[in-house]
Amino acid sequence: MMKIRAKIDPIVVGQRVRSLRALTGCTREIFEKNTGINAATLRIWECPTKKNHGLTIKGANRIINALQKMNIYCTSDWLFYGIGNGPITSNTTNSPLVSDDSLSQFIPDLLWEDEINIIREIEFFKRINKDATVISVTDDSMEPLYSIGDYVGGKKFFEEQILETLNHISIIELVDNTILIRKIKSGSTSGKYNLICLNIDTTSAQPILFDQLIISSAPIIWVRKKGIIHV
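Residues numbered from 1 in each chain as written. Predicted model: local features only at pLDDT ≥ 70, side-chain atom pairs only at ≥ 80, totals over all residues. Heavy atoms only, no water.

**What about the environment of Val137?**
Looking at the secondary structure, you find Val137 in the loop between strand S3 (132–136) and strand S4 (151–155). Note on Val137: relative accessible area 4%, which makes it buried. Counting along the chain gives 13 residues from Val137 to Asp150, while the straight-line C-alpha distance between them is 5.4 Å. Not counting residues up to four positions away in its chain, the partners in contact with Val137 are Tyr146, Ser147, Ile148, Gly149, Asp150, Val152 and Ile181. (Helix = DSSP H or I, 4+ residues; strand = E, 2+ residues; numbered from the N terminus. Buried < 20%, exposed > 50% of the residue type's maximum accessible area, 1.4 Å probe, protein only. Contact = heavy atoms within 4.5 Å.)

The structure is reproduced here in structure tokens:
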């Protein structure tokens, strides 16, 4: 029997693309750096107009493949039609979340519901805070305070105001657009800063970065830990 597909709504598809990017905690520019998908193209997919039709099949495949490398999984059916379970996340790319078929139908819905709640909280946080930034924790450098998969947010301080963030754990944007979560200290000269991991057993290659030039420092004032599903 032939499956009947609903008409594709580019606006709704764009919202789904945006929600997927929100799961990564990346701006369009950082997403481009991490995936190779041009930020301008991503904007067209997220915000289609009458002059463009938004996401294409080829574009959907690019996004799906890029997100798999970040341990985020979704299907083109969900992207275009909202059919099936929404995106799921996993810290293990080579292992399924569950082995039992019945559980695999149940868990993704719960995971996606949690992700949707996180996205709403992130959007609310950004709406009420000027110069807000939110990212997902991607390493163990700030354990046990912040773990991989947590979301953290803060308000950016720039230029001379960065001095007000000294000795705080902050979201740091370096001049090469790298984003880190570190404790910020004064460097050897004015305008430079030392960035320090809390976890002495971190797997980070550089537990301390000395004399860094930074664009902004956002002391963390909001934390969202992902829900844990016990099976």
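**Section: the pattern of salt bridges**
Side chains that differ in charge, positive against negative, can pair when their charged atoms come close. Within the structure shown, the criterion is met by five salt bridges. Here Glu46 and Arg28 are joined by a salt bridge, their closest N and O atoms 2.9 Å apart. With Glu46 in helix H3 (residues 39–46) and Arg28 in helix H2 (residues 28–35), this residue pair connects regions lying 18 residues apart in the sequence. Where Glu121 meets Arg224, a salt bridge forms, and the shortest distance between an N and an O atom there is 2.9 Å. Placement of Glu121 in helix H6 (residues 101–128) and of Arg224 in strand S10 (residues 214–224) is noted, with a sequence separation of 103 residues between them. We classify Glu121 as partly exposed; its relative accessible area is 30%. One salt-bridge network, in which partners are shared between bridges, spans Arg21, Arg28 and Glu46. (Salt bridge = Lys/Arg side-chain N within 4 Å of Asp/Glu carboxyl O.)

**What about H2?**
Helical geometry: 3.6 residues make up each α-helical turn, so side chains three or four residues apart lie on a common side. Those residues of H2 not exposed but buried are Arg28, Ile30 and Phe31. Within H2, the buried residues cover an arc of 160° as seen down the axis, which keeps them to one side. Turning to H2, the residues buried within the fold contact helix H1 (10–24), H3, helix H4 (57–68) and strand S7 (179–186). Positive backbone phi, approximately 85°, marks Gly36, located one or two places after H2. (Arc of directions from axis to C-beta.)

**Remarks on the confidence of the model for the protein**
Chain-level pLDDT for the protein is 81 on average; 81% of the residues reach the 70-or-more range. Per-element confidence in the protein ranges from a low mean pLDDT of 63 for H6 to a high of 97 for strand S8 (residues 193–196). pLDDT under 50 marks residues 91–108. Its contacts with residues more than four places away, or in other chains, come to 22 contacts. (pLDDT = per-residue confidence, 0-100.)

**Things to note about unusual backbone geometry**
Glu143 connects to Pro144 through a cis peptide bond whose omega is 0°. Phi is positive for Asp131, which is not a glycine, with a value near 55°. By the secondary structure assignment, Asp131 is in the loop between H6 and S3. Note on Asp131: relative accessible area 37%, which makes it partly exposed. A positive phi is found at Asn167, a non-glycine position, where the angle reads about 70°. With respect to the helices and strands, the residue Asn167 is situated in the loop between strand S5 (157–158) and strand S6 (169–174).

**Quick word on H1**
For H1, built from 15 residues, the straight-helix expectation of 21 Å at 1.5 Å per residue is met to within 8% by its first-to-last C-alpha distance of 22 Å. By the burial criterion, the buried members of H1 are Val13, Gly14, Arg16, Val17, Ser19, Leu20, Arg21, Leu23 and Thr24. Where H1 begins, one side-chain oxygen reaches toward the backbone nitrogen of Ile11, 3.0 Å away; that side chain belongs to Asp9. The first or second residue beyond H1 is Gly25, which carries a positive phi of 75°. (Expected span 1.5 Å × (residues − 1). Polar contact = N/O pair within 3.5 Å; in protein donor to acceptor, adjacent residues only side chain to side chain.)

**Describing the side chain of Asp140**
With respect to the helices and strands, the residue Asp140 is situated in the loop between S3 and S4. Buried and unpaired, Asp140 has no salt bridge, with Arg182 as the nearest side chain of opposite charge at 7.7 Å. In terms of polar contacts, Asp140 uses its side chain to reach the backbone amide nitrogen of Thr203, at 3.1 Å. Excluding residues within four positions of it along the chain, Asp140 makes contact with Ile148, Asn199, Asp201, Thr202, Thr203 and Ser204. (Lys, Arg positive; Asp, Glu negative; His and termini not counted.)

**Quick word on the packing of H1 against H3**
Packing of H1 against H3 brings their axes to within 7 Å, and their N-to-C directions diverge by 130°. As far as their axial angle goes, H3 and H1 are oblique. Residues Gly14, Gln15, Val17, Arg18 and Arg21 of H1 form the contact with H3, whose own contacting residues are Leu42, Trp45 and Glu46. Residue classes in the contact of H1 with H3 are distributed as three nonpolar, two polar and three charged. (Axes fitted to C-alpha atoms, helices over the stretch in contact; angles between N-to-C directions. Parallel < 35°, antiparallel > 145°, perpendicular 65-115°, else oblique. Nonpolar A, V, L, I, M, F, W, Y, C, P; charged D, E, K, R; others polar.)

**So, the environment of Ile11**
Along the polypeptide, Ile11 turns up in helix H1. For the pair Ile11 and Trp45, spaced 34 residues apart in the sequence, the C-alpha separation amounts to 8.9 Å.

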